[in-house]
Amino acid sequence: MKKSLILFAAMAFTLASCGGKTDKAAEGGDSTNTEVAAADNYNDYPWDFPKTIDLEFEAGQYYLAPYTFYPKKVEEKKDLTREVMIFYHDTYNDVTDGKVNGKTPTALCIPLPKGATAKKGDIVLTWWQSGSGMQRALVTDDASADAPKTVYLDLNYKGDGTGFAEKFVDQLKPNSFKVLTNGELEPGAPVAYFEDGKWKKATCINIADDKVLVLGFADHIYAAKKENVKVIPLVPEYKEGDMVSVAVVDSYSDGYTVKKIDLSIGRVWVEKNGREDIKSIFEVSKAL
């Protein structure tokens, strides 16, 4: 009886050992294969838009790009369609293998021209010069046309002096901005793109043939067909009392009434269901 028990225990141990080794080997094999497959199939540019486009640059020129975020996320092999890509300013040196300064594909870069001038009432593409990050700004003082004073239109405005747009009225550095043209689809233009049955709020990054690359909600990058993109006018096409569409979080919603427009600060007061909000002119549209 004792021999039978010993023999049974030995057989059980052997089977368990073999089974354990087999399971671990299988697990190890699957994990390794998955990691290798992920590395082999990783896409460092997942958008349906040309990665390399022709841009006009000159040495020392400012440009806007996610030049810190993009290379870091690629190195970490992140899904770039789900990652934050904040556009900062940098100074151009060269283009190597289709990347500006060896960091960012040209498709993700927006040059800011040297020698630009602006007049009062112009809207320019620049960066938040008291902070950081890409911004559109309204020129309020053009005494120095190459270094105008501005208010930012992408910062929050509360109307009581506590909003960031109210606190930071900056004089821009020379060569640090690009004047935007009303109604033109161009880098920096406010746009809406149609996706999943909704018009989504975004900023144009670049255009190539029938495709548009945009920076959308939460600083995520998307590619859209040009036919599914509409430019939001810099000069409002609505007046007080009109019904308009308004950007709420990531997409436009209908049923708002314009209560007030102040073009001197680029803001629109809208109301829906008894609630009033103050919006940038980029966030209000007559028709979509």
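1. With respect to the pairing of strand β19 (residues 267–272)
Phase 1 of the analysis: Bridge analysis of strand β18 (residues 251–262) against β19 gives five bridges, and the strand direction is antiparallel. Of the residues in β19, the one forming a bridge with T257 is E271.
Phase 2 of the analysis: Here β18 folds back onto β19, and the loop between the two strands holds four residues, one of which, G266, carries a positive phi near 70 degrees.

2. Some words on the sheet that holds strand β7 (residues 123–127)
Phase 1 of the analysis: Here five strands make up an open sheet; going across it, the order is β10-β9-β8-β7-β11 and the pairing antiparallel. Two strands in the sheet have a free side with no partner beyond their single neighbour: β10 (169–171) and β11 (178–179).
Phase 2 of the analysis: Of the strand pairs in this sheet, strand β9 (residues 149–152) and β10 are connected by three bridges, and their pairing is antiparallel. Bridge assignment links V151 to a residue of β10, and that residue is V169.

3. Observations concerning the pattern of salt bridges
Phase 1 of the analysis: Applying the stated criterion across every chain yields a total of 15 salt bridges.
Phase 2 of the analysis: Its salt-bridge partner being K73, residue E83 comes within 3.3 Å of it at the nearest N-O pair. Highlighted residues: E83 in the loop between α2 (69–75) and β2 (88–91) and K73 in helix α2, separated in sequence by ten residues. Both residues of the pair, E83 and K73, belong to the buried class.
Phase 3 of the analysis: Between D242 and K286 there is a salt bridge, with its nearest N and O atoms 3.5 Å apart.

4. A word on the sheet that holds strand β1 (residues 62–65)
Phase 1 of the analysis: Strand order across the open sheet formed by three strands is β2-β1-β6, with antiparallel pairing between neighbours. At either end of the open sheet lies a strand with only one pairing partner, and these are β2 and β6 (110–111).
Phase 2 of the analysis: Pairing of β1 with β2 involves four bridges; the strand directions are antiparallel. When the sheet's bridge partners are listed, Y62 is paired in β2 with T91.

5. Quick notes on the confidence of the model for the chain
Regions with low pLDDT carry predicted coordinates that are not meant to be interpreted in detail.
Phase 1 of the analysis: On average, residues of the chain score 89 in pLDDT, and 86% of them reach the 70 mark or higher.
Phase 2 of the analysis: For residues 1–37, every residue scores under 50 in pLDDT, and the model assigns this stretch zero contacts once sequence neighbours within four places are set aside.

6. Points about the nonpolar core
Phase 1 of the analysis: W47, L64, I123, L213, I221 and V244 are the most contacted members of the largest nonpolar core, which totals 39 residues.
Phase 2 of the analysis: At the level of secondary structure, the elements contributing two or more residues to this core comprise α2, β7, β8 (134–141), β13 (198–208), β14 (211–215), β17 (243–248), β18 and β19.
Phase 3 of the analysis: In contact with L64, other than residues within four places in its own chain, are F87, Y88, H89, L108, C109, I110, L112, L125, T126, W127 and M134.
Phase 4 of the analysis: One finds V124, W128, Y157 and I265 within the second-largest nonpolar core, a separate group that totals 14 residues.

7. Comments concerning the environment of E56
Phase 1 of the analysis: Structurally, E56 can be placed in the loop between α1 (2–41) and β1.
Phase 2 of the analysis: Residue classification places E56 among the exposed positions, given a relative accessible area of 74%.
Phase 3 of the analysis: In the structure, E56 is positioned 57 residues away from P113 in sequence and 9.0 Å away in space, judged by C-alpha atoms.
Phase 4 of the analysis: Residues in contact with E56, not counting those within four places in the same chain, are Q61 and P111.

Each value, and the rule that gives it
- Residues numbered from 1 in each chain as written.
- Predicted model: local features only at pLDDT ≥ 70, side-chain atom pairs only at ≥ 80, totals over all residues.
- Heavy atoms only, no water.
- Pairing = 2+ DSSP bridges.
- Helix = DSSP H or I, 4+ residues; strand = E, 2+ residues; numbered from the N terminus.
- Salt bridge = Lys/Arg side-chain N within 4 Å of Asp/Glu carboxyl O.
- Buried < 20%, exposed > 50% of the residue type's maximum accessible area, 1.4 Å probe, protein only.
- pLDDT = per-residue confidence, 0-100.
- Contact = heavy atoms within 4.5 Å.
- Core = buried A, V, L, I, M, F, W, Y, C linked by side-chain atoms within 4.5 Å.

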